[in-house]
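# A structural walkthrough
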Amino acid sequence: MSQNTHVGVGNDRRPVNSSNVKKRRAQHKAVLDFLKERDAADQAK
(Lines give C-alpha, C1' and ligand atoms only; values in the text may rest on other atoms or scores of the structure.)
Protein backbone atom coordinates (compact mmCIF):
# COMPACT_ATOMS: atom_id res chain seq x y z
CA MET A 1 0.00 0.00 0.00
CA SER A 2 1.95 2.94 -1.27
CA GLN A 3 -0.99 5.34 -1.20
CA ASN A 4 -1.21 7.62 1.75
CA THR A 5 -4.75 6.68 2.69
CA HIS A 6 -6.38 6.02 6.00
CA VAL A 7 -8.74 3.08 6.19
CA GLY A 8 -11.37 4.14 8.68
CA VAL A 9 -14.88 3.15 9.62
CA GLY A 10 -16.79 1.29 6.93
CA ASN A 11 -13.51 0.75 5.09
CA ASP A 12 -13.69 4.25 3.60
CA ARG A 13 -10.32 5.27 2.25
CA ARG A 14 -9.63 8.91 2.74
CA PRO A 15 -6.35 10.68 2.16
CA VAL A 16 -4.43 11.45 5.30
CA ASN A 17 -3.48 15.06 5.34
CA SER A 18 -1.00 16.31 7.84
CA SER A 19 -3.02 19.25 9.14
CA ASN A 20 -5.83 16.91 10.15
CA VAL A 21 -3.35 14.56 11.75
CA LYS A 22 -1.87 17.40 13.79
CA LYS A 23 -5.33 18.59 14.79
CA ARG A 24 -6.34 15.08 15.80
CA ARG A 25 -3.15 14.61 17.80
CA ALA A 26 -3.72 17.88 19.62
CA GLN A 27 -7.27 16.85 20.45
CA HIS A 28 -6.11 13.45 21.61
CA LYS A 29 -3.45 15.03 23.82
CA ALA A 30 -6.02 17.40 25.31
CA VAL A 31 -8.29 14.47 26.16
CA LEU A 32 -5.44 12.55 27.77
CA ASP A 33 -4.41 15.59 29.80
CA PHE A 34 -7.98 16.07 30.92
CA LEU A 35 -8.30 12.44 32.01
CA LYS A 36 -5.00 12.65 33.85
CA GLU A 37 -6.12 15.78 35.71
CA ARG A 38 -9.48 14.23 36.56
CA ASP A 39 -7.73 11.11 37.83
CA ALA A 40 -5.43 13.19 40.03
CA ALA A 41 -8.42 15.12 41.38
CA ASP A 42 -10.20 11.85 42.20
CA GLN A 43 -7.21 10.58 44.14
CA ALA A 44 -6.87 13.88 46.03
CA LYS A 45 -10.38 13.52 47.49
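Criteria and thresholds
- Residues numbered from 1 in each chain as written.
- Predicted model: local features only at pLDDT ≥ 70, side-chain atom pairs only at ≥ 80, totals over all residues.
- Heavy atoms only, no water.
- Helix = DSSP H or I, 4+ residues; strand = E, 2+ residues; numbered from the N terminus.
- Buried < 20%, exposed > 50% of the residue type's maximum accessible area, 1.4 Å probe, protein only.
- Areas by Shrake-Rupley, 256 points an atom, 1.4 Å probe, with all protein chains shown as cover.
- Patch = residues over 30% accessible without salt bridge, like charges linked within 9 Å, V, L, I, M, F, W, Y side chains within 5 Å.
- Salt bridge = Lys/Arg side-chain N within 4 Å of Asp/Glu carboxyl O.

### Considerations on the overall build of the chain
When its secondary structure is counted, the chain shows one helix and two strands. Sequence-ordered secondary structure for the chain, helices as α and strands as β, is β-β-α. Going through the 45 residues of the chain one by one, you find that 2% of them count as buried. For the chain, the exposed area adds up to about 4300 Å²; of that, 54% sits on carbon and sulfur atoms.

### Some points on a nonpolar patch on the surface
On the surface, Val 31, Leu 32, Phe 34 and Leu 35 cluster together into a nonpolar patch covering about 360 Å² of accessible area. Residue position: Val 31 is located in helix H1 (residues 18-44).

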